[in-house]
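# Geometric and topological summary
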Amino acid sequence: MSDALEIRNLHKQFGGTPAVDGLDLVIPRGEFHALLGPNGAGKTTTLRIVAGLVRADFGTVRVLGHDIASDARAAKSVLAFLPDDPLLYGKLRPLEYLEFVAGLWSIDAATAQARAADLLSTLSLDDKLDGRIETFSRGMRQKLALAGALIHDPAVMILDEPLTGLDAAAARLVKDILIERVKQGCTVVLTTHILEIAERLAERISIIARGRIIAQGTMAELRGGSARGETLEDIFLELTSEGAGGAAP
Amino acid sequence: MARRLKPATWPWLFAHEARLMWRTAGGAHLVLVLGFCAVAMLLAHLVGWALMRHLDLEAMLRTRSTIVVWSGAILLLFILSMAFGLAVSAIFSRGDMDLLLSSPVPIRGIYTVRAISVALGSIALFSLLLLPIANMAAVLGRWRSLAGYPVLLSVGLLCAALAFAGTLGLARALGARRARVAAQVLGAVAGAFVVLASQFFNLMPKYTQDAVARWIKSDASAAWLGPNSLLTWPVRAFFGDPLPAVAMLALGFGGFALTMHLTAGSFASAAQESAVAASPRWRPGARRRGFRSGLARIVIAKELILIARDPMLIAKALLQVLYLVPMLMILVRRGDLAQVLAASLVVMASSVAGTFAWLTVSGEEVPDLLQSSPISRERMRWLKVCAALLPVGVLIVPFLAWYAWLSLRVFAIVAVFAAAGVASAAVIQVWTGKPSATRDLKARGRQNVLMNFVELFCSLGWAAACFLAISGYYRYIPAGVALGVAGPGAAWLVRQWRDRNELSAGA
């Protein structure tokens, strides 16, 4: 059975500057995976290539065995992508937005409507159905964007900083939803700068720097060499500091 | 320059504004813009020299004072129109307003500097045309014409003051959200007013036209249109007539200072209110319908909702139609109605179709979502264009019905060429449109100037073919059709070139 996500020798340059530089990453099905890295490490570019938003210069990306370049339709059908600053249609209302997103993934009307009601209720947005999205706060927009990502019941979720702008209660709610999805067999790949979240939620963690994976494994595996400190923050800072060579993944 | 000035002072704020205006005007093509301005100034000076060698203002006032009055009025209204557009942006566009309002800089200073920027912005284009005339008049010995510089500035200040006072008054009366749209429409109508008003004359019955003509020639009109009329003062002031010049300077600078003094508080309120003014009417408990099924229905419905809920876009698009009204009025009076009206209809339909197609294809607010969905870009674009063309259909159906009643032959010709024009405009957008994440129509002009020209010539081609077909000049029709087809052809070539570049970039 193919892996949820298989990235091989991925390269992408912007104006001659490498953003992703020979990145390899394999994530099995049903895993909660955190992708960490300092600013400009290539996380977002990698995720945008996986979601089919940016074309790679070189290398392959397979989502559940479907090549994102040559079989984009099949790959995208099972994928949900939540960008770090999700843009929404300000003039639409939440149900109209979700109806549109469900239409893009060819979800039948009845199923979509039921899922939309369920998601909006779960995300505590059911009292905002009459408001236009342009009136929503940052956190409400983030929750609605997440509802959009979930409405087609994706097998693989790619989430770029999904907890940005959420208050403590909403962040907890979203984390619970993601954990539940993983229990149901969904694969979740997220980036975050809040290392505690990665430490607590992710089964495996990849640390990316200068466009390539420099460390990967469970928390125990990352601790590996005891010289590296105890917390993920210690490990992360040690691996990504200037001059650090990076451990072999 | 801003770095050397004392922070938070008016000059410092003004330097900041100037820098933003300069970079907005030039963008990535600053050298091109400067080159264009230099050539335009050179040409304008040549024209100014030729004009001022022969123009005798006093003689013209004695013999053709009506022309002087109308020229001044047209210029003032155009500058006022420009000022309204800029004032709306200054008040309601968020930009750096949150930053400025949250800073300890006094609001009056921010407001005044913004308003001066609006004044300068509204006369910038006219300066290129008018100041060379003043320069050449001075070179030819009429040095008082250099008064044109401060007079033009005072006109800009006066128009800026009127625009701010009007917009802020509307904001107080209607609320920020409605005021924004109302002020923009008001500004556009001010610009079109002279053209529209002049055409109302053509629509008047013959006896009314004669009566107006008699009034213009009579002594009764002298107070308004005669050589000593106050309405000639703006032009007199520009050429340095002392009393009108002093009056215009006093009116402009004084009016501006007074408006700033009286409306600074309203500016602060309107700017703050605009931060939450995007809020529409809240309709709790509105009846909800079920979800639609089928991608086409959902995409078309979504695009139509977005168009319908953005009154500013509708206002701007409909203004395109408004500017064609005078042309239609002329045609109605002349009786060559069928041919030329049909040609105008083809241009109008193509133009509106191009605008709506741009809105749906390039003004996509959430490109990431669409790109990450399993729907192909091409299919999505065509669905969007279908949505864009529905309002155009609604717009031209009454005209077509009228033609069907008039003559089935003419109806068939108009329907075919209007459809060709609309389809060409749509195809050009589908093949060349790029997501801009903005639905601001101003972005359309900036985004792809070349294709905008292609679209214009294409619609003119179909209009010409339509005119020739109705008039019976069949042998010349291929020329119009060729021009019409050239638009989509050029768009196809652009698309091929773009696809090749994307492929080579991604290889």
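Computed from a prediction, not measured in an experiment: that's the story for all the values here.

### Notes on helix α1 (residues 43–50) of chain A
Residue and element names in this part refer to chain A. Across the eight residues that make up α1, a large majority, six, are buried. Among the residues of α1, Lys43, Thr45, Thr46, Leu47, Ile49 and Val50 are the ones counted as buried. With its phi angle positive at about 85°, Gly52 sits one or two positions after the end of α1.

### Remarks on the sheet that holds strand β4 (residues 58–63) of chain A
Residues and elements named next belong to chain A. If you walk across this open sheet you meet the four strands as β2-β1-β4-β5, and the pairing is antiparallel. The sheet is open, and its two edges are formed by β2 (17–27) and β5 (66–67), each paired on a single side. Here strand β1 (residues 5–14) pairs with β2 via eight bridges, running antiparallel. Its bridge partner lying in β2, Leu5 is registered against Ile27. Sheet contacts for α1: β1, β2 and β4; angle to β1, the most-contacted strand, approximately 120°.

### Brief notes about the environment of Arg223(A)
Residue and element names in this part refer to chain A. Inspection of the secondary structure puts Arg223 in helix α8 (residues 219–223). The exposure class of Arg223 is partly exposed, given its relative accessible area of 28%. Along the chain, Arg223 and Asp234 lie 11 residues apart, while their C-alpha atoms are 9.6 Å from each other.

### Side note on the packing of aromatic side chains
Describing an aromatic ring pair means giving the distance of the ring centres and the angle of the ring planes. Taken as a whole and judged by the stated rule, the model has eight aromatic pairs over all chains. Ring centres of Tyr89(A) and Tyr97(A) lie 6.5 Å apart, and the angle between their planes is 55°; this geometry places the pair in the tilted category. Judged on exposure class, the residue Tyr89(A) and its partner Tyr97(A) are both buried. Measuring from centroid to centroid gives 6.5 Å for Phe164(B) and Phe267(B), while their planes differ by 70°, and the two rings are edge-to-face. You can see Phe164(B) sitting in helix α6 (residues 148–174) and its partner Phe267(B) sitting in helix α11 (residues 242–276), a full 103 residues away along the chain. Both residues of the pair, Phe164(B) and Phe267(B), count as buried. Put simply, the rings of Tyr89(A), Tyr97(A) and Phe100(A) pair up and form one aromatic cluster.

### A closer look at the environment of Glu230(A)
Residue and element names in this part refer to chain A. For Glu230, the position within the fold is in the loop between α8 and α9 (232–240). By relative accessible area, Glu230 is classed as exposed at 55%. Residues Glu230 and Ala220 lie 10 residues apart in sequence; the distance between their C-alpha atoms is 9.6 Å. Excluding residues that lie within four positions of it along the chain, Glu230 makes contacts with Met219 and Arg223.

### Things to note about the interface of chain B and chain A
In this assembly, 39 residues from chain B lie in contact with 39 residues from chain A. Summed over both partners, the interface of chain B with chain A buries about 3,800 Å², with 60% contributed by carbon and sulfur atoms. Considering only the side of chain B, the residues that lose the most area to chain A are Phe291(B), Arg309(B) and Pro374(B), jointly responsible for 23% of the buried surface there. For the interface between chain B and chain A, the tally reads two salt bridges. Asp368(B) is paired through a salt bridge with Arg48(A); the nearest N and O atoms lie 3.0 Å apart. At the junction of chain B and chain A, the tally comes to eight residue pairs in polar contact (both at pLDDT 80 or more). Only α12 (295–308), α15 (367–371) and α20 (477–506) of chain B provide two or more residues apiece to the side of chain B that touches chain A. With six residues, α12(B) is the single largest residue contributor to the side of chain B that touches chain A.

### Here's the deal with unusual backbone geometry
Its identity is not glycine, yet Asn9(A) carries a phi of approximately 50°, on the positive side. Of note, Leu64(A) is a non-glycine position whose phi angle comes to about 50°, a positive value.

### Thoughts on the packing of helix α3 (residues 57–92) of chain B against α6(B)
All names here are of chain B. It is the contact of α3 with α6, at a shortest axis distance of 8 Å, that shows an interaxial angle of 50°. Considering the angle they form, α3 stands oblique to α6. In terms of crossing hand, the pair formed by α3 and α6 is right-handed. Contact with α3, carried on its side by Leu76, Ile79, Leu80, Ala83, Phe84, Ala87, Val88, Ala90, Ile91 and Phe92, involves Leu152, Val155, Cys159, Ala160, Leu162, Ala163, Phe164, Gly166, Thr167, Leu168 and Ala171 of α6 and no other residues of that element.

### Section: the pattern of salt bridges
Under the counting rule described, the total for this entry stands at 15 salt bridges over all chains. The residue Lys12(A) makes a salt bridge to Asp57(A) at a minimum N-O spacing of 3.5 Å. With Lys12(A) in strand β1 and Asp57(A) in the loop between α1 and β4, the pair connects residues that are 45 residues apart, well separated along the chain. With respect to burial, Lys12(A) and Asp57(A) carry one shared label: buried. The closest approach of N and O atoms between Glu378(B) and Arg495(B), which form a salt bridge, is 2.5 Å. Here the residue Glu378(B) occupies a position in helix α16 (residues 377–406), and Arg495(B) occupies one in helix α20, the gap between them amounting to 117 residues. Its relative accessible area of 27% is what places Glu378(B) among the partly exposed residues. Judged by its relative accessible area of 22%, Arg495(B) falls in the partly exposed class. Through salt bridges with shared partners, a single network forms among Lys302(B), Glu303(B), Glu364(B) and Lys384(B).

### A word on the side chain of Thr112(B)
As for its position among the elements, Thr112(B) is in helix α5 (residues 107–139). Beyond its immediate stretch of four places on either side in the chain, Thr112(B) contacts Trp10(B), Phe256(B) and Met260(B).

### Some thoughts on a negative patch on the surface
All names here are of chain A. The grouping of Glu196, Glu233, Asp234 and Glu238 at the surface amounts to a negative patch. Element by element, the count of residues in the negative patch is highest for α9, at three residues. Relative to the helices and strands, Glu233 is located in helix α9.

### Remarks on the nonpolar core
Counting residues in hydrophobic clusters, the biggest one holds 76 residues, and the most contacted among them are Leu36(A), Tyr97(A), Leu104(A), Leu144(A), Met157(A), Ile205(A) and Ile207(A). Ignoring any residue separated from it by four or fewer positions in sequence, one finds Ile207(A) in contact with Leu36(A), Arg212(A), Ile213(A), Ile214(A), Ala215(A), Ile235(A), Phe236(A), Leu239(A) and Thr240(A). Counting residues in hydrophobic clusters, the runner-up holds 52 residues, among them Phe92(B), Ala115(B), Ala119(B) and Ala271(B).

About the cut-offs
Residues numbered from 1 in each chain as written. Chains lettered and ligands numbered in written order. Predicted model: local features only at pLDDT ≥ 70, side-chain atom pairs only at ≥ 80, totals over all residues. Heavy atoms only, no water. Buried < 20%, exposed > 50% of the residue type's maximum accessible area, 1.4 Å probe, protein only. Helix = DSSP H or I, 4+ residues; strand = E, 2+ residues; numbered from the N terminus. Pairing = 2+ DSSP bridges. Contact = heavy atoms within 4.5 Å. Axes fitted to C-alpha atoms, helices over the stretch in contact; angles between N-to-C directions. Phe/Tyr/Trp six-rings, centres within 6.5 Å; stacked < 30°, edge-to-face > 60°. Buried area = accessible area lost by both parts, 1.4 Å probe. Salt bridge = Lys/Arg side-chain N within 4 Å of Asp/Glu carboxyl O. Polar contact = N/O pair within 3.5 Å; in protein donor to acceptor, adjacent residues only side chain to side chain. Parallel < 35°, antiparallel > 145°, perpendicular 65-115°, else oblique. Left-handed = near helix turned anticlockwise from the far one by under 90°. Patch = residues over 30% accessible without salt bridge, like charges linked within 9 Å, V, L, I, M, F, W, Y side chains within 5 Å. Areas by Shrake-Rupley, 256 points an atom, 1.4 Å probe, with all protein chains shown as cover. Lys, Arg positive; Asp, Glu negative; His and termini not counted. Charge placed at Lys NZ, Arg CZ, Asp CG, Glu CD. Core = buried A, V, L, I, M, F, W, Y, C linked by side-chain atoms within 4.5 Å.

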